[in-house]
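# Coordinate inspection notes
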Amino acid sequence: MSQWVRSLMTHDEIRTWLEEDRSEQLDRLWARANAVRRENVGDAVHLRGLIEFSNHCVRTCGYCGLNSTNRRIQRYRMTADEILDCAHAAASYGYGTVVMQSGEDYGISALWLADVICRIHRETELAITLSVGERPLDELKRWRDAGADRYLLRFETSNRDLYDRIHPPRAGQDRSDRFELLRQLREIGYETGSGVMIGIPGQTYDDLATDIEWFGRLELDMIGVGPFIPHPAGPTALLPPAEEGQVPNTEQMAYKVVALTRLLCPASNIPSTSALATLNQTEGRELGLQRGANVVMPNCTPTRYRALYDIYPAKACVDETAEQCLHCLRARIASIGRSVGEGRGDSPAYINRLATT
Ligand code: 5AD
Ligand code: FES
């Protein structure tokens with residue numbers, strides 16, 4: 001049993017909050033989410049250095065610019081030494097974690113990645129998070145054994161039809177079951193994270209309320225949500241919106257989801273995401289942190305690769321260096337009276353689970 005008091009909210013209550021537009025009501029929601037965040041995960045903001053180490057991808061996701069049908073981007077894979085350099089830089093900036101993210105790239109062999117993980121593990125104190133898509137169980141286990149601590153795999157939407165439309169199965173393969181994969185990741189011992197996009201064409205308020213209910217049900221340690229940002233190379237931009245109750249992909253909607261997620265999952269780590277910062281470069285990150293989030297993910301990818309990791313257009317921080325992002329984020333965190341977290345920043349939800357199993 002969790003020691004934290006989860007808000008008990010019905011599906012209809014969640015949906016009503018998602019549909020709420022009165023600013024005085026929303027101010028109540030922000031204040032409650034902020035208080036629950038403070039009580040459960042404190043004022044520290046944990047920094048995760050993001051290394052986007054390959055933009056190759058076998059998938060054909062309609063929402064993502066890295067999809068394999070996009071012939072217009074130049075593909076890259078960082079070398080092991082380049083990744084190690086980034087990890088050392090992240091450690092020197094005081095980050096407690098590196099997040100190694102890539103497309104679903106089978107050019108990255110299990111053995112090669114295990115070796116990189118081992119080296120980071122041996123040479124630094126960093127916690128290692130993987131975000132490399134759906135891979136076979138034996139590979140996920142091998143990376144865990146090599147020293148990877150956490151795994152991120154967003155389920156994107158709990159509406160199965162919508163999911164299949166935006167995330168077609170690979171040729172000759174079964175449709176994936178990300179809920180099952182998340183369960184397996186947890187069983188292997190990963191601190192497990194997931195999340196969704198907000199405002200996918202065809203996504204209704206009911207869908208999004210169900211997504212948020214799933215966050216609680218899956219007992220996720222980390223939950224990342226962000227607005228869907230149409231990519232010109234993704235056919236999703238052309239899909240018609242849901243006939244009734246289409247969720248808008250707005251900044252406001254993203255804050256509502258962050259706040260409700262905090263209420264339902266009080267002890268999870270919740271980032272204020274780059275997609276949010278992309279919609280509001282001035283203060284999107286800060287507002288996310290003041291409405292339930294407690295993590296940010298400064299980009300540590302070498303500048304020459306950043307623009308090529310083109311998931312969606314006009315991504316924040318494409319022209320900055322890792323060091324500029326470090327200073328920028330420190331200043332932003334200080335400006336809202338919060339502190340930078342020390343150490344690995346494991347989620348209290350995970351620590352509690354370890355202690356009780
Ligand atoms: N808009 C917003 N988020 C996106 N992602 C991928 N493409 C887009 C987009 N066009 C998110 C997905 C994925 C994560 C790495 O980035 O949720 O899981
Ligand atoms: Fe990269 Fe602000 S975080 S420039």
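Further up the page is the structure itself.
An account of the accompanying structure is given in this report. (Residues numbered from 1 in each chain as written. Chains lettered and ligands numbered in written order. Predicted model: local features only at pLDDT ≥ 70, side-chain atom pairs only at ≥ 80, totals over all residues. Heavy atoms only, no water.)

### A look at the overall build of the protein
Counted only if it meets this: The helix count covers DSSP runs of H or I at least four residues long, the strand count covers runs of E at least two residues long, and both are numbered beginning at the N terminus. Radius of gyration means the value over C-alpha atoms here, while the globule rule gives 2.2 Å times the residue count to the 0.38 power. Here the term buried applies to any residue with accessible area under 20% of the maximum for its type, exposed to any over 50%, and partly exposed to those in between, with areas from a 1.4 Å probe on protein chains only. For the area figures, the Shrake-Rupley method with a 1.4 Å probe applies, and any residue is considered shielded solely by the protein chains shown.
In terms of helices and strands, the protein carries 14 helices and 8 strands. Radius of gyration (C-alpha) of the protein: 19 Å, near the 21 Å computed for a compact globule of 357 residues. A principal-axis box enclosing the C-alpha atoms of the protein has dimensions of 50 × 45 × 40 Å. Counting every position in the protein, which comprises 357 residues, the buried fraction comes to 59%. When the accessible surface of the protein is split by element, carbon and sulfur atoms take 50% of a total near 14,900 Å².

### Regarding the environment of R353
Put simply, the rule reads: Here a residue-residue contact requires only that any non-hydrogen atoms of the pair lie within 4.5 Å. The definition of a polar contact used here is a pair of N or O atoms within 3.5 Å, where within protein one atom must be able to donate a hydrogen and the other to accept one, and adjacent residues in sequence count solely through side-chain atom pairs.
Inspection of the secondary structure assignment puts R353 in helix α14 (residues 348-356). Residue R353 is classed as buried on the basis of its relative accessible area of 16%. Between the C-alpha atom of R353 and that of E191, which follows or precedes it by 162 residues, the distance is 9.8 Å. Not counting residues up to four positions away in its chain, the partners in contact with R353 are R186, Y190, E219 and D221. Only 2.8 Å separates the side chain of R353 from the side chain of D221, close enough to count as a polar contact.

### Comments concerning the environment of V318
You can see V318 is positioned in the loop between α12 (303-306) and α13 (322-335). Linking V318 and M253, residues 65 residues apart in sequence, is a C-alpha distance of 24 Å. Setting aside chain neighbours within four positions, we find V318 in contact with T303, R306 and A307.

### So, the site of ligand 1
Note the following rule: Being near a molecule or strand, for a residue, comes down to having at least one heavy atom within 4 Å of it. In this classification, Asp, Glu, Lys and Arg are treated as charged, Ala, Val, Leu, Ile, Met, Phe, Trp, Tyr, Cys and Pro as nonpolar, and every other residue, Gly included, as polar.
Around ligand 1 lies a shell formed by Y63, C64, Q101, R154, E156, M197, P227, F228, I229, I311 and Y312. Interatomic distance of 2.8 Å between a backbone N/O atom of Y63 and a nitrogen atom of ligand 1. In this structure, an oxygen atom belonging to ligand 1 sits 2.6 Å away from a side-chain N or O atom of E156. Isolated, ligand 1 exposes 400 Å² of accessible area, and the fraction of that covered by the protein chains is 87%. Grouping the amino acids of the shell around ligand 1 by side-chain chemistry returns 8 nonpolar, 1 polar and 2 charged.

### Topic: the packing of helix α1 (residues 11-19) against helix α9 (residues 251-264)
Note the threshold: Lines fitted to C-alpha atoms define the axes, with helix axes restricted to the stretch in contact, and inter-axis angles between N-to-C directions lie between 0 and 180 degrees. Roughly parallel refers to an angle under 35 degrees, roughly antiparallel to one over 145, roughly perpendicular to one between 65 and 115, and oblique to any angle outside these ranges. Crossing handedness: left-handed means the near helix sits turned counterclockwise from the far one by under a right angle, and right-handed means the same turn made clockwise.
Packing of α1 against α9 brings their axes to within 9 Å, and their N-to-C directions diverge by 150°. As far as their axial angle goes, α9 and α1 are roughly antiparallel. Judged by the sense of rotation from one axis to the other, the crossing of α1 with α9 is right-handed. Across the interface between the two elements, I14, W17, L18 and E19 from α1 touch M253, K256, V257, L260 and L264 from α9. For the contact of α1 with α9, the per-class residue count stands at 7 nonpolar, no polar and 2 charged.

### A few points about unusual backbone geometry
We note that E156 has phi near 70°; this positive angle belongs to a residue other than glycine. Notably, E219 is not glycine yet its phi reads approximately 45°, a positive angle. Assignment of secondary structure puts E219 in the loop between α8 (205-217) and β6 (222-227). Judged by relative accessible area, which is 43%, E219 ranks as partly exposed.

### Concerning the pairing of strand β1 (residues 44-54)
Each regular strand shows side chains that alternate between the opposite faces of the sheet. Formally: Here, any two strands with at least 2 DSSP bridges between them count as paired. Here is how to tell: hold the view so the strands point away, follow the path from the first strand over the helix to the second, and if it runs clockwise the crossover is right-handed.
Counting buried residues in β1 gives 10 out of 11 residues, a clear majority hidden from the surface. Sheet topology note: the β1/strand β8 (residues 339-340) ladder contains 2 bridges and is parallel. Note on β8: the bridge partner recorded for V45 is V340. Pairing of β1 with strand β7 (residues 295-296) involves 2 bridges; the strand directions are parallel. Looking at β7, one finds that L47 is bridged to V296. Here 6 bridges tie β1 to strand β2 (residues 97-102), and the two strands are oriented parallel to one another. Of the residues in β2, the one forming a bridge with E52 is Q101. For the handedness criterion, the β-α-β arrangement of β1, helix α3 (residues 80-92) and β2 is classed as right-handed.

### Comments concerning α9
At 3.6 residues per turn, the α-helix brings residues three or four places apart onto the same side. Note the threshold: Any helix carries an expected span of 1.5 Å times its number of residues minus one.
For α9, which comprises 14 residues, the first-to-last C-alpha distance of 20 Å matches the rise-based estimate of 20 Å (1.5 Å per residue) to within 8%. Of all 14 residues in α9, 12 are buried, a share of seventy percent or more. Looking only at α9, the buried set comprises M253, A254, Y255, K256, V257, V258, A259, L260, T261, R262, L263 and L264.

### Considering the pattern of salt bridges
As a reminder of what qualifies: Any Lys or Arg side-chain nitrogen found within 4 Å of a carboxyl oxygen on Asp or Glu counts as a salt bridge.
What the rule picks out here adds up to 26 salt bridges. A salt bridge links E20 to R22, with the nearest nitrogen and oxygen atoms 2.7 Å apart. With a shortest N-O distance of 3.0 Å, D164 and R160 are connected by a salt bridge. A residue pair is termed a helical-turn pair when its members lie 3 or 4 positions apart in one helix, as D164 and R160 do in helix α6 (residues 160-166) at 4 residues. When its relative accessible area of 29% is taken as the criterion, R160 is described as partly exposed. Within this structure, R59, E104, E134, E156 and R178 form a network of salt bridges that share partners.

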